[in-house]
Amino acid sequence: MRKNMLNISDFQRSVEVVTQAISQKKIPVSFMGTEAFTQYKEGVPSRIVLPVVTETTSQEAKKNIQGYLDHEAAHVLYSDGTELETCHKRIVSKFGREVGQACLHVVNRFEDARIEKLLGQRYKGSVENLDELLESLTNQSLQEIKKLPADDPELIQRNCSELLDFLYPRYLRGSLKAKQLIFDNEELFKEAIKEAEEGKKGFLNRALTKANSVAEMFAVLEKLLDDLRFDPSKMSDSMGDDNESKTQGEKTDSLEEMLLGDSQENSDTENKESKEKGEDEKGQNSEKDDKSSGKDAGGEEENSQENSQENSQENSQEDSQEDSEEESEEAGKGEKGCKEEEITKALRELAQAKNISEMLKKEISDKLRNEVEEDIGKAYRPFTTDYDMIEPYDTKTVEEFANQYYESFDEFVNSAKRYAPVVQKQLERYMNAKSASLWEYGHRSGRLYGAGLSRLMTGDERIFRKRIVSTSKDVAVTLLIDMSGSMCGSRITNACKSAYVFGKALSAMGINFEILGFTTQFTPPELYSLKNKHLSSTPPDKFAYRIEPLLMPVIKSFGEKFTTQTVQSLFYTSYEYDQMRNNVDGEAVYIASRRLLAQPQKRKILFVFSDGMPAFDTVPSYLSVADSHLKRAIKDCTEAGIEIFGLGIECVCVKEFYEHCVVINDIEELGDKLLSELKKFLFK
């Protein structure tokens, strides 16, 4: 569990890195619901939305979410959405919607491979993320192929081709992982590889791989369609035809040559036909000259015969020429039809290739839903963390509040500070780390060291040794204060005074500690709208969504000194009832524990000041999820190495959740009652 909680911290840091990388594009990253998707505005990404990651989210699901973020961030950094939209509209206007949609799908596949390579060159860590993702998605697709009926080879071959068309652009871009996956399954992909390397499909694979932008990719497709004088009305019919012929495509050395490949071939054919026609005409002229000279020598009778023969030959040649033209026209139509069939087949197959974004969306959603199906204890999850606030109070507000109510502030401090020395003395005794001791030799006083007596013969009196004891305290502590509405009045006052006493003692002992509060905020109207839209657009699930945003003021951070500002913040917390609403204890314990685990100290202790019962709204309403979530949080954090102690403030409910706890009804009970329980806890 400790590893999983630390992995969440690593995940959050990696998300921050990616978020910072795309911040110049002003594209926010949000955590919401259980679906991953990217919002677009006029063809340009406007927001990347990821599912909320919790402590119960599996490592596989986190990897998929990270991979999706890396992939979409690559689109933000390297794809020109406006250019893509413009090119797509041009194709649609020239060739129709169906052709345009097929071209768009094809360009997306090859653009995915291009941007993933660029992202890997910029961020080396993304290569490992995307490779793991590629392998996971490929293996899952292979498992699905193996489940297909063996008596339907056509279906198996079609699925193999779709999977290979997903891998092949990445292989052509130099992905070692794609190469490995293809060659590891070479027998399965044998026919699909042949198709990917031959004919128009092979031509498109090579040409689109050489392209360095979506504009160049669309130009490749547009050039092919223009050369064919493509009839868009035939697209839907040919999209279903699987019996087209294949021709071997010639390899070219540059994108320009590929763009001009078909037109150059047509030009060569026309030149050859023109040359042959010229030679025929030359032969006919020579024969005519010979006959003309014969006419001059042979007289009128011969001339009459020759005229008759000439007329007969001319009529014969005209008939022959007409037949030849008809045959040539029919051959041209046949060649054009063949090319149309081949290019539409290539477009269809490439357009139907698996799309990494769509594969990831489905995989992420399925994994999260399956997890809660297998363990209902994982039902709780925040709907979104975008509105949560975990930050310090505004310094000016706190200071002005303390100055305005200075008499109450003085009473707050004076009533609590007299207990600090007592608590400090006992805590110092209980919380000392195991002391490391060693003997240091060569002293003039201390304990006699027999082996050093020989020094006396030389007049050296350093024959004593001393024990050196390390008194360092290798402990980090968090004080977590419940700020819910049920804590109003004396409860929150006693909790904050107790935190003051602990803080004063820990500070004097030199122990690294933090003070946090936890409650919820009012739910903004737009959040209700987002929640309703999500629930209406996704399949029913068993999740219990927390809608209210969290509010966790950081009263004192790790590494900061315990100052007057800290005391003023505790006083402000004890009196600012307007901010006190509901309490999501389980999530607060998780968050506090993650922050505590990030500290370098070996021993980590969490003190929770609460009246015990979690209280918050979920959608749909599950009455048992609040209590079960807190129990799971305590169990998980304890297994992760956190020692948790509950301080029930005027309420015995803490005993239902915390194995080690004590109930405090007044600040005076911080003495013997609390310390005797602490001794059992800290010396266990």
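All figures in this text were calculated on a predicted structure; none of them were measured in a lab. (Residues numbered from 1 in each chain as written. Predicted model: local features only at pLDDT ≥ 70, side-chain atom pairs only at ≥ 80, totals over all residues. Heavy atoms only, no water.)

**Section: the nonpolar core**
Here is the rule: The nonpolar core is taken to be a set of buried Ala, Val, Leu, Ile, Met, Phe, Trp, Tyr and Cys residues, with the residues joined through side-chain atoms within 4.5 Å. Throughout, exposure labels follow a simple rule: accessible area from a 1.4 Å probe, protein chains only, divided by the maximum for the residue type, with under 20% read as buried, over 50% as exposed, and the rest as partly exposed. Only DSSP runs of H or I with at least four residues qualify as helices, and only runs of E with at least two residues qualify as strands; both kinds are numbered from the N terminus onward. What makes two residues a contact is simply this: any of their non-hydrogen atoms within 4.5 Å.
I22, I48, L50, L164 and F189 are the most contacted members of the largest nonpolar core, which has 56 residues in total. For this core, the element with the most residues is helix α2 (residues 59-78), which contributes 8 residues. Sequence-distant contacts of L164, defined by excluding residues within four places in its chain, comprise P169, I182, F189, A192, I193 and A196. Counting residues in each nonpolar core, the second largest holds 48 residues, with V501, L506, I555 and I605 among its members.

**As for the sheet that holds strand β13 (residues 603-610)**
Heads up, the condition is: DSSP calls a pair of strands paired once it identifies at least 2 bridges connecting them. Whenever a helix is involved, its axis is fitted only over the stretch in contact; in every case the axis is a line through C-alpha atoms, and angles between N-to-C directions fall within 0 to 180 degrees.
Spatially, β5-β12-β10-β9-β13-β15-β16 is the arrangement adopted by the 7 strands of the open sheet, whose pairing is mixed. The sheet terminates laterally at β5 (389-391) and β16 (661-664), the two strands that pair on one side only. For this sheet, the mean inter-axis angle between neighbouring strands, taken without regard to orientation, is 20°. In the sheet, strand β15 (residues 642-649) pairs with β16 via 4 bridges, with the strands oriented parallel. When the bridges of β16 are listed, G648 appears paired with V663. Packed onto the sheet, helix α19 (residues 564-575) meets β9 (475-482), β10 (512-520) and β12 (550-556) and runs at close to 145° relative to β12.

**A few points about α2**
Quick reminder: α-helices carry 3.6 residues per turn. Residues three or four places apart thus point the same way. Going by this rule: To estimate the expected span of a helix, subtract one from its residue number and multiply by 1.5 Å.
With 20 residues, α2 should reach 28 Å at 1.5 Å per residue; the first-to-last C-alpha distance of 28 Å fits that figure. The buried count for α2 comes to 16 of 20 residues, which makes it a mostly enclosed element.

**Overview of a nonpolar patch on the surface**
Selection criterion: The patch calculation keeps residues exceeding 30% relative accessible area without a salt bridge and links them within 9 Å when they carry like charges or within 5 Å when they are nonpolar (Val, Leu, Ile, Met, Phe, Trp, Tyr). Each accessible area is a Shrake-Rupley estimate made with a 1.4 Å probe; only the visible protein chains count as cover when residues are assessed. Whenever a carboxyl oxygen of Asp or Glu lies within 4 Å of a side-chain nitrogen of Lys or Arg, that contact is scored as a salt bridge.
A contiguous nonpolar surface patch, about 260 Å² in accessible area, is contributed by L448, L453 and L456. Structurally, L448 is set in strand β7 (residues 447-448). Taking relative accessible area as the criterion, L448 reaches 47% and is therefore assigned partly exposed.

**Describing the confidence of the model for the chain**
Under the convention used in this document: Values of pLDDT, which run from 0 to 100, indicate the predictor's confidence residue by residue.
Across the chain, the average pLDDT comes to 79, with 76% of residues at 70 or higher. Note that residues 286-306 has pLDDT below 50 and, in this model, 6 contacts with residues that lie over four places away or in other chains. For residues 324-337, every residue scores under 50 in pLDDT, and the model assigns this stretch 2 contacts once sequence neighbours within four places are set aside.

**Notes on the environment of L516**
The topology assignment puts L516 in strand β10. Counting along the chain gives 38 residues from L516 to T478, while the straight-line C-alpha distance between them is 7.5 Å. With sequence-adjacent residues up to four places away left out, L516 is seen in contact with T478, L479, L480, I481, M552, P553, V554, I555, A592 and R595.

**Topic: the pairing of strand β3 (residues 44-50)**
Across 3 bridges, strand β1 (residues 29-31) lies against β3 in parallel orientation. Pairing of F31 across the sheet is with L50, part of β3. As paired elements, strand β2 (residues 37-41) and β3 share 5 bridges and run antiparallel to each other. Residue pairing for β3: T38 is matched across the bridge by I48. Hairpin connection from β2 to β3: 2 residues lie between these consecutive antiparallel strands, with E42 at a positive phi of about 55°.

**Re the packing of aromatic side chains**
To keep it simple, the criterion reads: Each Phe, Tyr or Trp ring (for Trp, its six-membered ring) is paired with any other whose centre lies within 6.5 Å, and the angle between the two planes then decides the class: stacked below 30 degrees, edge-to-face above 60, tilted in between.
The final tally for this structure, using the stated rule, is 18 aromatic pairs. Centroid distance Y380 to F616: 5.6 Å. Interplanar angle 75°. Geometry classified as edge-to-face. Of this pair, Y380 sits in strand β4 (residues 380-382) while F616 sits in the loop between β13 and β14 (618-619), and the two are 236 residues apart along the sequence. Since its relative accessible area comes to 4%, Y380 is described here as buried. Taken together, a centroid distance of 4.9 Å and an interplanar angle of 50° make the contact between F571 and Y575 tilted. Linking F571 with Y575, this pair stays in helix α19, spanning 4 residues, or about one helical turn. The partly exposed category is assigned to Y575, whose relative accessible area is 36%.

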